Amino acid sequence: MGGIVFNRIEGRSTGFWALLIGLGVVAAIGLWAAYVMDHYGHAITGMNRQVVWGIPHVFAFFLILASAGALNVASLSSVFDQSVYKPIARLSSFLAIVVMAGGLSILVLDLGRPDRLVLTFQYFNFTSIFSLNIFLYTGFWALCFLYLWAMFEDSKRWTRPVGIVAFAWRIILTTGTGSILGFIYAREMIHSALLAPIFIVLSLIVGVAIFILVTLATFRLSGRFLDDRLVIKMKDLLAWFVMAGLYLVVIDNLTRLYYPARQDVVEFLVRSGDPYAPVFWLGQILLGAAIPLFLFFHPKTGQSIRWIAIATGMVIVGAFAQLYVTVIGFQALPLELFPGMEVKSTFYDGRFATYTSTLYEWALGVGMTAMVGVLYLLGIKLFRMVPREVRMEKAL
Amino acid sequence: MDTDRRTFLALGASCLAAGMMAPVIRVFASAGADAQGASAARRWGMVIDVNKCADGCTACVEACAKENKSPNFGEERINIQWIRKAEVKAKVPGAQARSLPLLCNHCENPPCAYVCPTGATFKRDDGIVLVDKHRCIGCRYCIISCPYNARSLVFKQPDEVEAMGGNPDVPRRGKGVVESCDFCVRRVDAGRQPACVEACAKAGHRALVFGDLRDPGSEAARLVATSRTQTIRGDLGTQPKVHYMGL
Amino acid sequence: MQNANGKLQIVKSKALVVAVAGLLAMGIAGAWAAGGGDVREKKQGLHPPIVVPKEGQCVRPTEWMRRNHMDLLQHHKVDTVRKGVRVKKESFDNCRTCHTKRGEFCDRCHAYAAVKMDCFDCHNYPK
């Protein structure tokens, strides 16, 4: 696959500018929402004493996992020697960088005291998974930059070793992200070693899914040629990841179902809980796995780029739904202060909490996601990252 | 540039630096002259006799809110209670509900302090678990990790005029930081009892006993040693320092 | 060495300004001190006049306080909150016993020096 020609996208059309400005406006609205949240305090969000991580955290987890996953294609190319992916490896690494920027900015802007961020670099508490993750996230960023540089230099000496380290790092990073919740023994329903692998697979899913859509859009909108067979190959990969994810979710929930002491909790999460049960069944299972898997494997739709794009979009929605149920659903469960007893107080003891998100939270999440789009568009306009065309030489 | 001037400048700079350091050194030298601070020989704890705790009595809750100027935001969703009354009932027909107070358990292994990224939450040498409000960034991870639902975020800045009243020595709330019961640490350091304990005694119940669990002579330590006490969720291994009798 | 030289000059010129301003201030302060009850207005350096107690002394020498009160507070903050060392005399809450209104004292200087701080969000200090 020698002699790939990379160049900048032209970025002069009205469409490009309209997209850039549109995303910029949405990002500005997100920043404004963050300002309002900081000014009035978290009282204007829907969060409460019991559900203290809301929609912004769902977005943040989503983008951080997506960032780690976006690197997959680059890893496949340089770690697993799948040279068909080489032409789009630069894009993959760049996407990882900008998506991480979006996720981290949500995490920071949603702090109670964003102005005190420097304290996290001044004082470390090494027993805290959060502290650990600060290293993991910033380190991942640095590695992706190094990796991107090595690919730009076309340096055979560096690309592979950096690629291998980055791959190992992303696995540790997603383990760390899953462990933020998985290590919390106070919440038995989420306290599970399985959460790390679930997050790893989720990151593979969202990363590849977002990468497929972004690559398709980039090539189509800038009038470049992208070999359909490459998209189909990525779709097959995605289908395997989705199945692995489904498997883990099923086994995780069955484990809970076999625990009589907490059957009311399972009942809440998958039957009666509003909105967790519908989000679980319609979002996570139906949109996130069942329908896309059908579309991916159907001989007709599985070969159609349009249907692949639609199914990939569904997978992304499903992954978001899964994070919603995982991050917010478990906080809504009451803590068991007195196992087997009935507890009542004016303080959320012994009952399921409700959480109604507000527009500010969504604005922050969507806004920072739009900022990722702005950074991406500027990146491909300024740097030589997109190949002029991607043709696969041999049939697969 | 010749060497002489360089030497001169270096000399001057170091003199300047030394001069600037001197006051700093003085600050550090002066501390602890007339107070030793929290002592590791102590372990403050509380014993709560559930049988003495009266149904519907909220003396401790009110005293706490007054002492610590807990703002009333008028919304259950975001209100702060460092100590709260709960009713616990077995899940059998006709079971009698027991009324008891719940508060921060000041765990010996505090999960909140383990997860705090900046170390804002910490266990003082005498075992009291505190939030350093100056270092908290408001990430709320500690709230997620607390098995006792004892921590709250300050969701908004309380009304300034209203919050000015009350005890002038206790700082007000600042939005965006997390807080929880601190055993009225200012009172404890001054050799007094926490406000809730005082209020309970004043109401004639004496259900709350506060003291040094490492001092065999204290009433709290004696109760833990001689009666059947229990901690909440002791199975988690957090080793709470709030013990319950007659649970 | 260009840099160090430049810095030295700045230091020198700053000292000059401070010295001149100090002399000026002493004159003005004297004038202010003529009127008023148990407080007097005082002008020091370049900042607007501040109100200080007419008699008595600060917890540390005035000159030292002017430069280092933030270190004192910072240090006390750590000692008091994290170690439980409570030195009443130099505590934050004690400042207001003499400097009764922050609006006439702390805030004036800080507004001039463009110092922004959030301490008074939580710490009681009459305005």
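Here the structure is shown first, and the text comes after it.
The rules behind each value
- Residues numbered from 1 in each chain as written.
- Chains lettered and ligands numbered in written order.
- Predicted model: local features only at pLDDT ≥ 70, side-chain atom pairs only at ≥ 80, totals over all residues.
- Heavy atoms only, no water.
- Helix = DSSP H or I, 4+ residues; strand = E, 2+ residues; numbered from the N terminus.
- Buried < 20%, exposed > 50% of the residue type's maximum accessible area, 1.4 Å probe, protein only.
- Contact = heavy atoms within 4.5 Å.
- Areas by Shrake-Rupley, 256 points an atom, 1.4 Å probe, with all protein chains shown as cover.
- Rg over C-alpha atoms; globule rule 2.2 N^0.38 Å.
- Lys, Arg positive; Asp, Glu negative; His and termini not counted.
- Charge placed at Lys NZ, Arg CZ, Asp CG, Glu CD.
- Pairing = 2+ DSSP bridges.
- Axes fitted to C-alpha atoms, helices over the stretch in contact; angles between N-to-C directions.
- Core = buried A, V, L, I, M, F, W, Y, C linked by side-chain atoms within 4.5 Å.
- Expected span 1.5 Å × (residues − 1).
- Buried area = accessible area lost by both parts, 1.4 Å probe.
- Salt bridge = Lys/Arg side-chain N within 4 Å of Asp/Glu carboxyl O.
- Polar contact = N/O pair within 3.5 Å; in protein donor to acceptor, adjacent residues only side chain to side chain.
- Parallel < 35°, antiparallel > 145°, perpendicular 65-115°, else oblique.
- Left-handed = near helix turned anticlockwise from the far one by under 90°.
- Nonpolar A, V, L, I, M, F, W, Y, C, P; charged D, E, K, R; others polar.
- 1 Å grid on protein atoms, 1.4 Å probe; cavity = no way out; pocket = protein on both sides within 12 Å on 5 of 7 lines; lining within 4 Å.
- Points joined across faces, edges and corners; volume = space filled by probe spheres on them.
- Disulfide = S-S within 2.5 Å.
- Phe/Tyr/Trp six-rings, centres within 6.5 Å; stacked < 30°, edge-to-face > 60°.
- Lys NZ or Arg CZ within 6 Å of the ring centre and 35° of its normal.

Chemist: Can you walk me through the overall build of chain B in this structure?
Modeler: Along its length, chain B carries eight helices and 10 strands. Counting every position in chain B, which comprises 247 residues, the buried fraction comes to 53%. Here the analysis covers contacts within chain B between residues at least 6 apart in sequence; of these, 62% occur between residues at least 24 apart. Accessible surface computed for chain B: about 10,900 Å², of which carbon and sulfur atoms make up 54%.

Chemist: Before we go on, may I ask you to explain the overall build of chain A in this structure?
Modeler: Within chain A one finds 13 helices and five strands. For a compact globule of 396 residues, the expected C-alpha radius of gyration is about 21 Å, and chain A comes in at 22 Å, within 12% of that figure. The principal-axis extents of the C-alpha atoms in chain A amount to approximately 70 × 50 × 40 Å. Sorting the 396 residues of chain A into buried and exposed places 58% on the buried side. For chain A, the exposed surface amounts to about 16,600 Å²; the carbon and sulfur share of it is 69%. In chain A, which carries 29 positive and 21 negative side-chain charges, the distance between the mean positions of the two groups comes to 10 Å.

Chemist: Just checking my understanding: could you explain the sheet that holds strand β3 (residues 341–345) of chain A for this structure?
Modeler: Consider a sheet: its strands pair through backbone hydrogen bonds, and that pairing is either parallel or antiparallel. Read from one edge to the other, the open sheet built from three strands follows the order β3(A)-β2(B)-β3(B), with strand pairing classed as antiparallel. The open sheet is flanked by β3 of chain A together with β3 (98–103) of chain B, the only strands paired with a single partner. With strand direction ignored, the average angle separating the axes of adjacent strands in the sheet is 35 degrees. Two strands pair when backbone bridges link them, and β3 of chain A and strand β2 (residues 83–90) of chain B are joined in this way by five bridges, in the antiparallel orientation. Directly across from K344 of chain A, in β2 of chain B, lies its bridge partner E87 of chain B. In this fold helix α2 (residues 59–67) of chain B packs onto β2 and β3 of chain B, with an angle of close to 155 degrees to the strand it touches most, β2 of chain B.

Chemist: Even after reading the chapter, I still don't get the nonpolar core, so can you show me in this structure?
Modeler: Most often, soluble globular proteins keep nonpolar side chains buried together rather than apart. Counting 189 residues, the largest nonpolar core has W53 of chain A together with Y141 of chain B as the members making the most contacts within it. Sorting elements by how many residues they give to this core places helix α8 (residues 195–221) of chain A first, with 15 residues. For W53 of chain A, the residues in contact, after removing those within four places along its chain, are F61, F130, I180, L181, V327, I328 and Q331 of chain A together with C139, R140, Y141 and I144 of chain B.

Chemist: Explanation requested: the sheet that holds strand β8 (residues 208–212) of chain B in the structure shown.
Modeler: Residues and elements named next belong to chain B. Judged by pairing direction, the sheet is mixed, and its four strands sit side by side in the order β8-β1-β10-β9 without closing on themselves. In the strand order of this sheet, the two ends are held by β8 and β9 (229–230), each with one partner. Relative to strand β10 (residues 242–245), β9 runs antiparallel, the two being bridged by two bridges. Bridged to Q230 within β10 is Y244. Here helix α7 (residues 195–202) sits on the sheet in contact with β1 (44–49) and β8, set at roughly 135 degrees to β8. Along the sheet, helix α8 (residues 219–226) contacts β1, β8, β9 and β10; its crossing angle with β8, the most-contacted strand, is approximately 105 degrees.

Chemist: Looking at this model, I keep getting lost on helix α2 (residues 55–70) of chain A. Mind explaining?
Modeler: An α-helix turns once per 3.6 residues; consequently, residues spaced three or four apart project the same way. Between the first and last C-alpha of α2 of chain A there are 22 Å, a value that for 16 residues agrees with the 22 Å anticipated at 1.5 Å per step. Here α2 of chain A lies mainly inside the structure; 16 of its 16 residues are buried.

Chemist: Mind showing me how you'd approach the interface of chain B and chain A here?
Modeler: Interface size is commonly expressed as the accessible area that is lost once the parts come together. Contact residues are listed per partner, giving 54 residues for chain B and 55 residues for chain A. Both sides together, the interface formed by chain B and chain A hides about 4,800 Å², and carbon and sulfur atoms give 56% of it. Of all residues in chain B, R77, Y141 and I144 of chain B bury the most surface against chain A, accounting for 15% of the area lost on that side. In this structure, the connection of chain B to chain A is made through five salt bridges. The salt bridge involving D349 of chain A is made with R84 of chain B; its shortest N-O contact spans 2.6 Å. At the boundary of chain B with chain A, the tally comes to 38 residue pairs in polar contact (both at pLDDT 80 or more). Secondary structure elements with two or more residues in the side of chain B that touches chain A: β2, β3, α3 (111–115), α4 (141–145) and β6 (152–153) of chain B.

Chemist: Can you walk me through the pairing of β1 of chain B in this structure?
Modeler: Looking along a regular strand, one sees side chains alternate from face to face of the sheet. Residues and elements named next belong to chain B. For β1, the buried fraction is high: six of the six residues fall into the buried class. Residues W44, M46 and I48 point to one face of β1 and G45, V47 and D49 to the other, with burial holding for every one of them. Pairing geometry for β1 and β10, over four bridges, is parallel. Bridge pairing links M46 to V242 in β10.

Chemist: Would you explain unusual backbone geometry in this entry?
Modeler: For residues besides glycine, phi is generally negative; the peptide bonds are generally trans as well. With an omega of 5 degrees, the peptide bond running from D274 of chain A to P275 of chain A counts as cis. Although it is not a glycine, H106 of chain B sits at a positive phi angle of roughly 45 degrees. Structurally, H106 of chain B is set in the loop between β3 and α3. With phi around 50 degrees, C184 of chain B is a residue other than glycine that occupies positive phi space. Judged by its relative accessible area of 7%, C184 of chain B falls in the buried class.

Chemist: Looking at this model, I keep getting lost on the packing of α2 of chain A against helix α4 (residues 89–109) of chain A. Mind explaining?
Modeler: The angle between the axes and the distance between the axes are what describe a pair of packed helices. Residues and elements named next belong to chain A. The interhelical angle for the contact between α2 and α4, taken along N-to-C directions, is 160 degrees, at an axis separation of 8 Å. As judged from the angle between their axes, α2 and α4 are roughly antiparallel. In terms of crossing hand, the pair formed by α2 and α4 is left-handed. Only S92, L95, A96, V99, M100, G102, G103, L104, I106 and L107 of α4 make contact with α2, whose side of the interface consists of P56, H57, F59, A60, L63, I64, A66, S67 and A70. Looking at the contact of α2 with α4 residue by residue, the class counts come to 14 nonpolar, five polar and no charged.

Chemist: Where do I start with empty space enclosed by the protein in this structure?
Modeler: Over the atoms rolls a probe the size of a water molecule, and its path tells where empty space is left. All names here are of chain A. Tallied over the full model, the rule gives eight cavities of 30 Å³ or more. The volume enclosed by the largest cavity comes to roughly 220 Å³. Contributing to the lining of the largest cavity are 18 residues, with D252, N253, R256, V325 and T326 lying nearest its centre. Of all the secondary-structure elements, those providing two or more residues to the lining of the largest cavity are α8, α9 (228–257), α10 (263–272), α11 (276–297) and α12 (305–332). Broken down by class, the residue content of the lining of the largest cavity amounts to 12 nonpolar, four polar and two charged.

Chemist: For this particular structure, what's the right way to read the state of the cysteines?
Modeler: Any covalent bond linking the sulfur atoms of two cysteines counts as a disulfide. Scanning the entire structure with this criterion turns up zero disulfides over all chains. Between C139 of chain B, a cysteine without a disulfide, and C142 of chain B, which holds the nearest cysteine sulfur, the sulfur-to-sulfur distance is 6.3 Å. Residue classification places C139 of chain B among the buried residues on the basis of a relative accessible area of 9%. Between C98 of chain C, a free cysteine, and C58 of chain C, which holds the nearest cysteine sulfur, the sulfur-to-sulfur gap is 7.5 Å.

Chemist: Help me out: how do you make sense of the pattern of salt bridges in this one?
Modeler: Proximity of charged atoms lets side chains of opposite charge pair with each other. For the structure on display, the rule yields 36 salt bridges over all chains. The salt bridge partner of D227 of chain A is R229 of chain A, with a shortest N-O separation of 3.2 Å. A relative accessible area of 31% places R229 of chain A in the partly exposed class. When salt bridges with common partners are traced through the structure, they connect R43, E108, K123 and K241 of chain B into a single cluster.

Chemist: Where do I start with the packing of aromatic side chains in this structure?
Modeler: Working definition: an aromatic ring pair is given by the centre-to-centre distance plus the angle between the planes. Under the definition given, this model contains 24 aromatic pairs over all chains. Centroid distance F280 of chain A to W281 of chain A: 5.0 Å. Interplanar angle 80 degrees. Geometry classified as edge-to-face. The class for F280 of chain A is buried, based on a relative accessible area of 7%. Members of the aromatic cluster, joined through ring pairs, are W53, F61, F130 and F199 of chain A together with Y141 of chain B. Over the aromatic face of Y123 of chain A sits the side chain of R135 of chain B, whose NZ or CZ is 3.4 Å from the ring centroid.

Any link to function would need more than the numbers given here.
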